[in-house]
Amino acid sequence: MQNPIYTISTIAKILQADVKLANEQTIIQYLIVDSRSVLVPENSLFFALSSHRNGHEFIGDAYHKQIRNFVITEEKYIALYPDCNFILVEDSLNALQKLATEHQQRFNLQKIAITGSNGKTMVKEWLYQLLAADFNIIRSPKSYNSQIGVPLSVWQINADHTLGIFEAGISAAGEMDTLAEVIQPQIGILTNIGEAHAEGFASKDEKLVEKLKLFKESELFIYSPDYVYGQDLSALPGQKKFTWSSTQGADLRIIAIAPVDGNCHLQAIYQNQEIDCLLPFKDKASIENGIICWATLLALGYSAAEAGLRLGRLSQVSMRLELKNGINQCSIIDDSYSADISSLAIALDFLNQQNQHPKKTVILSELFETGKDDQVLYTEIADLLAQKKVSRLIGIGAHLAQYAALFKCETLFFEDTDAFISDFANLQFSHETILVKGARRFEFGRISKMLTQKIHDTVLEIDLNAMVSNLQFYRSKIKPGIKIMAMVKAFSYGSGSFEIANLLQFHKVDYLAVAYADEGIALRKAGITLPIMVMSPEESAFEALIKHHLEPEIYSLEILNSFLKALPEGTSNYPVHLKIDSGMHRLGFDDAEIANLSSVLKNNHQINVQSVFSHLVASAEAEHDGFTRHQIDTFKVAAEKLIDGLGYKPLLHIANTSGISRWPDSQMDMVRLGIGLYGFDAGLNHNQGLQTVIVLKTTITQVKTVGVGESVGYSRKGVMPNGGKIATVKIGYADGYGRAFGNGTGKMLVNGQLVPTIGSICMDMTMLDVTGLEVSAGDEAIVFNKEHTIMQLAEDINTIPYEILTNISQRVKRIYFYE
Ligand SMILES: *Cc1c(COP(=O)(O)O)cnc(C)c1O
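Parameters and conventions
- Residues numbered from 1 in each chain as written.
- Predicted model: local features only at pLDDT ≥ 70, side-chain atom pairs only at ≥ 80, totals over all residues.
- Heavy atoms only, no water.
- Helix = DSSP H or I, 4+ residues; strand = E, 2+ residues; numbered from the N terminus.
- Rg over C-alpha atoms; globule rule 2.2 N^0.38 Å.
- Buried < 20%, exposed > 50% of the residue type's maximum accessible area, 1.4 Å probe, protein only.
- Areas by Shrake-Rupley, 256 points an atom, 1.4 Å probe, with all protein chains shown as cover.
- Lys, Arg positive; Asp, Glu negative; His and termini not counted.
- Charge placed at Lys NZ, Arg CZ, Asp CG, Glu CD.
- UniProt positions renumbered as here; feature names shortened; annotations may be inferred.
- Contact = heavy atoms within 4.5 Å.
- Pairing = 2+ DSSP bridges.
- Salt bridge = Lys/Arg side-chain N within 4 Å of Asp/Glu carboxyl O.
- Core = buried A, V, L, I, M, F, W, Y, C linked by side-chain atoms within 4.5 Å.
- Domains from an automatic or database assignment.
- Buried area = accessible area lost by both parts, 1.4 Å probe.
- Polar contact = N/O pair within 3.5 Å; in protein donor to acceptor, adjacent residues only side chain to side chain.
- 1 Å grid on protein atoms, 1.4 Å probe; cavity = no way out; pocket = protein on both sides within 12 Å on 5 of 7 lines; lining within 4 Å.
- Points joined across faces, edges and corners; volume = space filled by probe spheres on them.
- Nonpolar A, V, L, I, M, F, W, Y, C, P; charged D, E, K, R; others polar.
- Near = heavy atom within 4 Å.
- Phe/Tyr/Trp six-rings, centres within 6.5 Å; stacked < 30°, edge-to-face > 60°.
- Lys NZ or Arg CZ within 6 Å of the ring centre and 35° of its normal.
- Patch = residues over 30% accessible without salt bridge, like charges linked within 9 Å, V, L, I, M, F, W, Y side chains within 5 Å.
- Axes fitted to C-alpha atoms, helices over the stretch in contact; angles between N-to-C directions.
- Parallel < 35°, antiparallel > 145°, perpendicular 65-115°, else oblique.

Q: Can you lay out the overall build of the chain for me, pointing to particular residues and giving the numbers?
A: Each helix and strand counted, the chain has 25 helices and 40 strands in total. Against the compact-globule benchmark of 28 Å for 819 residues, the chain has a radius of gyration of 29 Å, which places it among compact chains. Considered along the principal axes of its C-alpha atoms, the chain spans approximately 90 × 85 × 65 Å. A burial count over the chain gives 56% of its 819 residues as buried. Total accessible area on the chain is roughly 34200 Å²; 49% of this is exposed by carbon and sulfur atoms. Side-chain charges of the chain comprise 72 positive and 92 negative groups, with the mean position of each set lying 2 Å from the other.

Q: Explain the UniProt feature "binding site: substrate" (unreviewed entry) in the chain residue by residue, including any values.
A: With numbering aligned to this structure, UniProt lists the feature "binding site: substrate" (unreviewed entry) at Arg 586 and Met 763. What stands out for the annotated residues spanning 178 residues is how far apart their C-alpha atoms range, the widest pair being 33.5 Å apart. Looking at the element boundaries, Arg 586 is found in the loop between strand S28 (574-579) and helix H21 (594-601). Arg 586 gets classed as exposed once you look at its relative accessible area, which sits at 53%. Ignoring any residue separated from it by four or fewer positions in sequence, one finds Arg 586 in contact with Lys 579, Asp 581 and His 615. Relative to the elements of secondary structure, Met 763 occurs in the loop between strand S37 (753-756) and strand S38 (766-769). Relative accessible area serves as the criterion here: at 44%, Met 763 is assigned to the partly exposed category. In this view, Met 763 contacts Gly 732, Tyr 733, Ala 734, Asp 735 and Arg 811; residues no more than four positions away in its chain are not counted.

Q: Account for the UniProt feature "active site" (unreviewed entry) in the chain, with residues named and values stated.
A: Per the UniProt record, "active site" (unreviewed entry) is annotated on Lys 489 and Tyr 714. The greatest C-alpha distance among the residues just named is 35.5 Å, and with 226 residues of sequence between them they are spread in space as well. On the secondary structure map, Lys 489 appears in helix H16 (residues 489-494). With sequence-adjacent residues up to four places away left out, Lys 489 is seen in contact with Ala 513, Val 514, Ala 515, Glu 519 and Met 535. Examined against the element boundaries, Tyr 714 turns out to sit in the loop between strand S33 (710-712) and strand S34 (718-720). Ignoring sequence-local partners within four residues, the contact set of Tyr 714 consists of Ser 760 and Cys 762.

Q: Residue-level account of the pairing of strand S40 (residues 813-818), with values.
A: Regular strands have side chains that alternate between both faces of the sheet. Extensive coverage of S40 is indicated by the burial of 5 of its 6 residues. Sheet topology places strand S17 (residues 321-325) next to S40; 3 bridges connect them, and they run antiparallel. Paired with Leu 321 across the strands is Tyr 818, a residue of S40. In the sheet, strand S23 (residues 459-463) pairs with S40 via 5 bridges, with the strands oriented parallel. Counterpart to Ile 462 in the pairing with S40 is Tyr 816.

Q: So, the pattern of salt bridges: which residues are in play, and what are the values?
A: Tallying each qualifying case throughout the model produces 30 salt bridges. One salt bridge in this structure joins Lys 124 and Glu 167, with 3.2 Å as the shortest N-O distance. With a gap of 43 residues between them, Lys 124 in helix H5 (residues 120-131) and Glu 167 in strand S10 (residues 163-167) connect regions that are remote in the sequence. Given a relative accessible area of 0%, Lys 124 falls into the buried group. A residue is classified by how much of its surface remains accessible, and Glu 167, at 1% relative accessible area, is buried. One salt bridge in this structure joins Asp 779 and Lys 282, with 2.9 Å as the shortest N-O distance.

Q: Give me the nonpolar core: which residues, what numbers.
A: Among the nonpolar cores identified, the biggest contains 162 residues, and Ile 363, Ile 381, Phe 420, Phe 429, Leu 512, Phe 563 and Phe 784 are the most heavily contacted of them. Phe 429 has contacts with Asn 328, Cys 330, Ile 363, Arg 392, Ile 394, Phe 420, Phe 424, Ile 434 and Leu 451, leaving out every residue within four places of it along the chain. In terms of nonpolar packing, the next biggest core, distinct from the first, is built from 41 residues, Ile 287, Ile 291, Leu 297 and Tyr 302 among them.

Q: Residue-level account of the domain arrangement of the chain, with values.
A: By a frequent convention, interface size equals the accessible area lost on bringing the separate parts together. Under the domain assignment used here, the chain contains domain 1 (6-91), domain 2 (107-311), domain 3 (321-454), domain 4 (463-687) and domain 5 (694-818). Here the C-alpha centre of domain 5 lies 38 Å away from the C-alpha centre of domain 3. With 9 residues of domain 3 at the interface, the matching set in domain 5 holds 6 residues. For the domain 3 face of the interface with domain 5, the top three residues by lost area are Leu 321, Glu 322 and Leu 323, together amounting to 51%. One can count 0 salt bridges joining domain 3 with domain 5. Seen at the junction of domain 3 and domain 5, the total is 2 residue pairs in polar contact (both at pLDDT 80 or more).

Q: Pulling in residues and values, what's your account of empty space enclosed by the protein?
A: Applying the stated rule across the entire model yields 3 cavities of 30 Å³ or more. As for the largest cavity, its lining consists of Leu 696, Ile 731, Asp 735, Gly 736, Tyr 737, Phe 741, Val 783, Phe 784, Leu 793, Ile 804 and Ile 808. Grouping the constituent residues of the lining of the largest cavity by class yields 9 nonpolar, 1 polar and 1 charged.

Q: Give a description of the side chain of Gln 356 that names residues and reports values.
A: Within the secondary structure, Gln 356 is located in the loop between helix H11 (341-353) and strand S19 (360-365). Here Asn 502 takes part through its side chain, which lies 2.9 Å from a polar atom of the side chain of Gln 356.

Q: How would you summarise the site of the ligand if you had to cite specific residues and measurements?
A: In the vicinity of the ligand, the contacting residues are Met 487, Lys 489, Tyr 493, Met 535, Arg 586, His 615, Asn 656, Thr 657, Arg 672, Gly 674, Ile 675 and Tyr 802. Within the side chain of Asn 656, a nitrogen or oxygen atom sits 3.1 Å from an oxygen atom of the ligand. In isolation the ligand has 380 Å² of accessible area, and contact with the protein removes 94% of it. For the shell around the ligand, a count of residues per class yields 5 nonpolar, 4 polar and 3 charged.

Q: Could you give me a rundown of the packing of aromatic side chains, with the residues and numbers involved?
A: For the structure on display, the rule yields 22 aromatic pairs. Measuring from centroid to centroid gives 5.4 Å for Phe 70 and Phe 86, while their planes differ by 20°, and the two rings are stacked. Residue Phe 70 is found in strand S6 (residues 69-72), and its partner Phe 86 is found in strand S7 (residues 85-88); the two are separated by 16 residues along the sequence. Per residue, the accessibility class of Phe 70 equals that of Phe 86, and both read buried. Between Tyr 378 and Tyr 403, the ring centres sit 5.0 Å apart and the planes meet at 25°, which makes this aromatic pair stacked. Note that Tyr 378 is positioned in helix H12 (residues 374-387) and Tyr 403 in the loop between strand S20 (392-396) and strand S21 (410-414), a separation of 25 residues in sequence. On the basis of relative accessibility, which here comes to 11%, the residue Tyr 403 falls in the buried class. An aromatic cluster of three or more residues is present, and its members are Phe 414, Phe 420, Phe 424 and Phe 429. Positioned above the aromatic ring of Tyr 63 is the side chain of Arg 68, whose terminal nitrogen or guanidinium carbon lies 3.7 Å from the ring centre. Here Arg 139 stacks its cationic end above the ring of Tyr 128, 3.6 Å away from the centre of that ring.

Q: How would you explain a nonpolar patch on the surface if you had to name every residue and give the values?
A: Together, Met 584, Val 617 and Phe 627 line one region of the surface with nonpolar side chains, adding up to about 210 Å² of accessible area. For Val 617, the location among the structural elements is in the loop between strand S29 (607-613) and helix H22 (625-646).

Q: Kindly report on the packing of helix H1 (residues 8-15) against helix H4 (residues 92-104), identifying the contributing residues and their values.
A: Where H1 contacts H4, the two axes come as close as 10 Å, and the packing angle between them is 105°. With respect to their mutual orientation, H1 and H4 come out roughly perpendicular. In this structure, H1 uses Ile 11, Ile 14 and Leu 15 to contact H4, whose residues at the interface are Ala 95, Lys 98, Leu 99 and Glu 102. Residue classes in the contact of H1 with H4 are distributed as 5 nonpolar, no polar and 2 charged.

Written out as structure tokens, the structure is:
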């Protein structure tokens, strides 16, 4: 059995839609919503959805990639592409959901649906691990749980599957009914319910009621009464219910949770018997998710002994792939936890987005794809590798080599992971991007460890999906047609260089801006082709700047004249940007200089003014709104004057992040998006609508007991009158955790508890007061994350998030997550 097979005309019938078909017999197997990720174009049906961007804009791109089948709402495209199949619908998202629903109804497998505020993906993946021995399971790829992700997941069901595990997430009231219809689960699991405001609901109750709609037709509902507190119990879904909690009356009543060397021993009462299991995790989230899985196994009829055995074998799940620096200047994309074709496609897309090295290697294990013939599977994979321009495949597994002829790139095969590792010294890895992707049992973690630079235990984690979400947030605030310049100065506010620029280029921002020529040159060398503005172009770097086609900001007549001199003879229309001082009094032309500037520029053909801009000094601050208004007006007047002199109209721009969110009429032709991308906007109420992008973590090296009256650290600053316990972590002022955080001013999160620093911050280390807490060497300490925010740190030491971010030193390793 293959992927679903429908002819385009069957699909049109299911959708009861108008059509214009060039070939009625076209077979459709794949549904896609993003023209960038295509597996087999001839059998793909593209849904032009309108979310942040109108999907119809990408029909041209999809056509270029050989896609010929489209579901659209705008009729005009039919005439443009006469050799294509078009299905014309009222609402293309509805159509996608309807098609998935129809498809799902053709099979009678068991379906489990999971919803809740946290833990959905983890519970789904763990249930997959726990039940894979007994069922042929189809599950949502990654965390595909949205109005789009759920239908795409359900579409993958085929006749061989005996169990489906799907997660469902919602961001607004009214969405769950649709997902319930698409999945139609017989079994429902509610993981938990978090605080309401973060998720777009007015109250916790409203959110719960909405989530429970997923299970309205379910036979069995598994939940904790702690999360449905105050609800009318008779209104809960499910003819049968199975509850877990530490309170009386729960079907699985937890009576003890005890950490034992990195594991956690759980005890409970079930059917009047005491039962237990050893969960190989000890963090709070894993414990709760483990209990939910325990409850599910019992509710499904597994014996307590069998359930305990299986839980003891659970392994870590990572849905995200990681981008990090490797040996010999390589970039490593580590996706060594899962291997199926849909996640391979996602990983290859990400590999393809990397421009820093022309050479791209994929280290791939055999895949195990339910119900797919190997020949078909590896043909698909070979096509995919060719499409994504992979230069070399290193295949690992006993059966892979027999398909060697399918692959067009350089290939190399190994029997198993050990064979690869013992030959490692003879293999060449240098200046290339390497995707490491293997099924769990191949233990590719060992390979990625050999390929990556040693990471000392302080890491800055950057969530690229969160950054894209923030970009989309600002896109939704600007008027159509307005361009975006992304500010990536100072290593993208501390978060990286080409890694961030690749992402922004892929997501089609229009411009990048850096502070110095060097930063721009580094981006060019990493393959970034977007136009790049350099805000402080040093005269000494003009030659290099021109060579790399960077565009200088011109802020004075002196710099203009010396730049004109530096341009090679015969240059014409070299792009530059003019800065006007509208009130910041930093760089830029004053009003009085404009006439002079115009006369120099008039009839000069060496340069072309791409844009004229200025900078707002207080766009986030209501108390200065009068001044902001004045700046916008001053800029407009000065720009008009310049344009009159120039005789053509460059792009005008003045808005930074908070300009976009607070001053719609400052958007002009382009906006300059900076800190908003990284999740902060002082112009928004508590950054509402933005996601946390950056997390800084370190590790506890040692835990010590300190006696009564003893002191901690340099100059005996840390006093412990009553004695206590301290933990030393591997971060200090040389990493960017400044001395101002010392002596209790700063706090870190250790095992979910906020603990203060004690004593002065050292160069490479910091001591934390962990008196009374259960901690041990090797535990993680979180410097900042979504809960313990950079905003809080900034407040603690009286500065702004910009400074906290950009202070994190380059020796702290960056890891990029993408899913
Ligand atoms: C840094 C910078 C920005 C971005 O400001 P944010 O407040 O981070 O959005 C915009 N314009 C100029 C000239 C800048 O230097």
